[in-house]
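The residues making up each chain are set out below.
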Amino acid sequence: MKLGLVGWFLCIRDRRGGGAAAPPAARDWTAAPAAGRPYAYLEGPAGSVLQDTLSVTNPGTAPLTVRLSGQGAPVSFAAPTVTVPARTRADVPFAVTVTADTPPGEHRGTVRAAAAGREVRVDLRLRVSGPHLAALTVEDVHVDAATGAVRYTLVNRGTTVLAPRLAVRAEGLLGTVLDRPERALPLTLRPGERATRTEPWPDPPALDSVTVRLTATAQGAAPATARAEAAFASGPALTGTAGLLLAAAGGAGYAARRRSASRTQRAPAGATP
């Protein structure tokens, strides 16, 4: 596979560490892009392995052992340490493995080199080529009839990182009982990533049958909707309803008795009931 090598973008920062004091010459060692490049940039498709070189220079009078590692990106070296002779520069190859599920776009990582009580961090960027597709779905919606909480799962089905937004609406037998406008959610989703969240509803209806609709959006993605049905029936509401039904039934019985008594009073004398 042919990979374009434009260079790595590097920003070198020093962090002084504790431990035994090292000779001044030992502390003057450096780690930087090979060939004196001020910046560099790697580009390749997902599923590839990209390679570059880190130059470690030891200006001291004794050999220097440097520990090498990566962070935030799959950076790997042939060995975790390298010993650089005195007054020598060692060009150390390293590789960045771009996994098959890595989304297209810019990505960052860090190459670390540590020696003589000091660490050099090299911030790097790489660009993963490929098509950009934004796709978001809402799944597994469930309404807790006891608390009103709405549980749902957002899934990134595309190839780009998404920042979802959510709107919630619920319709009852007599109309709208919940209407929350679209708002940003405090999360981002990488390609293939899913997040299960709960939307609180502290004041659901006491007695109603509702349909809850969730609408999720993200930049570049088509709106995604999902719904769930729920029936609310709290104890006090049921008690009140039962009382109304009993009262209505009692009133109907009383009216029927009144009508029967009235017919009896109006019956002709001597008539056989």
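Computed from a prediction, not measured in an experiment: that's the story for all the values here.

(A) Geometry of the nonpolar core. Of all hydrophobic cores here, the largest spans 29 residues; its most connected members are Val138, Val141, Tyr152, Leu154, Val212 and Leu214. Elements with a contribution of two residues or more to this core: strand E12 (136-143), strand E13 (150-156), strand E14 (165-172), strand E17 (207-217) and strand E18 (224-233). In terms of residue count, E18 provides more of this core than any other element does, 5 residues in total. Counting 27 residues, the second largest nonpolar core, distinct from the first, contains Leu50, Leu64, Val84 and Leu124.

(B) Local environment of the pattern of salt bridges. For the structure on display, the rule yields 10 salt bridges. Linking Glu119 and Arg121 is a salt bridge whose minimum nitrogen-to-oxygen distance equals 2.9 Å. Taking the relative accessible area as the measure of exposure, Glu119 reaches 13% and is therefore buried. With its nearest N and O atoms 2.9 Å apart, the salt bridge here joins Arg180 to Glu199. On the criterion of sequence distance, the pair formed by Arg180 in strand E15 (residues 175-184) and Glu199 in strand E16 (residues 194-199) is long-range, its members being 19 residues apart. Overall, the relative accessible area of 3% leaves Glu199 in the buried class. Each of the salt bridges in this network shares a partner with another, and the network as a whole consists of Glu139, Arg157 and Arg194.

(C) A look at the sheet that holds strand E9 (residues 88-97). Read across the sheet, 4 strands follow the order E3-E5-E9-E7 without closing on themselves; strand pairing throughout is antiparallel. Looking at the sheet topology across the chains shown, the edges are occupied by strand E3 (30-33) and strand E7 (75-77). Each strand of the sheet is rotated relative to its neighbour by a mean of 35°, with strand direction disregarded. Sheet topology note: the E7/E9 ladder contains 3 bridges and is antiparallel. In the sheet register, Val75 faces E9, and the bridge partner there is Val96.

(D) Layout of the sheet that holds E17. What the 4 strands build is an open sheet, ordered E15-E14-E17-E18; its pairing is antiparallel. With partners counted over all chains shown, the strands left at the sheet margins are E15 and E18, one partner each. Taking the axes of each pair of neighbouring strands and ignoring which way they run, one obtains an average angle of 15° across the sheet. Inspection of the sheet shows E14 paired to E17 by 7 bridges, in the antiparallel sense. Among the inter-strand pairings, Leu166 is bridged to a residue of E17, identified as Ala216.

(E) Main features of the packing of aromatic side chains. The final tally for this structure, using the stated rule, is 2 aromatic pairs. Centre to centre, the rings of Phe77 and Phe94 are 5.6 Å apart; their planes meet at 45°, and the pair counts as tilted. With a gap of 17 residues between them, Phe77 in strand E7 and Phe94 in strand E9 connect regions that are remote in the sequence. Relative to Phe232, the ring of Trp201 has its centre 5.6 Å away and its plane inclined at 80°; by these criteria the two rings are edge-to-face. On the criterion of sequence distance, the pair formed by Trp201 in the loop between E16 and E17 and Phe232 in strand E18 is long-range, its members being 31 residues apart. There is no split in this pair, since Trp201 and Phe232 are both buried. The residue whose ring lies beneath Arg118 is Trp29, and the NZ or CZ to ring-centre distance is 4.8 Å.

Thresholds, definitions, all that
- Residues numbered from 1 in each chain as written.
- Predicted model: local features only at pLDDT ≥ 70, side-chain atom pairs only at ≥ 80, totals over all residues.
- Heavy atoms only, no water.
- Core = buried A, V, L, I, M, F, W, Y, C linked by side-chain atoms within 4.5 Å.
- Buried < 20%, exposed > 50% of the residue type's maximum accessible area, 1.4 Å probe, protein only.
- Helix = DSSP H or I, 4+ residues; strand = E, 2+ residues; numbered from the N terminus.
- Salt bridge = Lys/Arg side-chain N within 4 Å of Asp/Glu carboxyl O.
- Pairing = 2+ DSSP bridges.
- Axes fitted to C-alpha atoms, helices over the stretch in contact; angles between N-to-C directions.
- Phe/Tyr/Trp six-rings, centres within 6.5 Å; stacked < 30°, edge-to-face > 60°.
- Lys NZ or Arg CZ within 6 Å of the ring centre and 35° of its normal.

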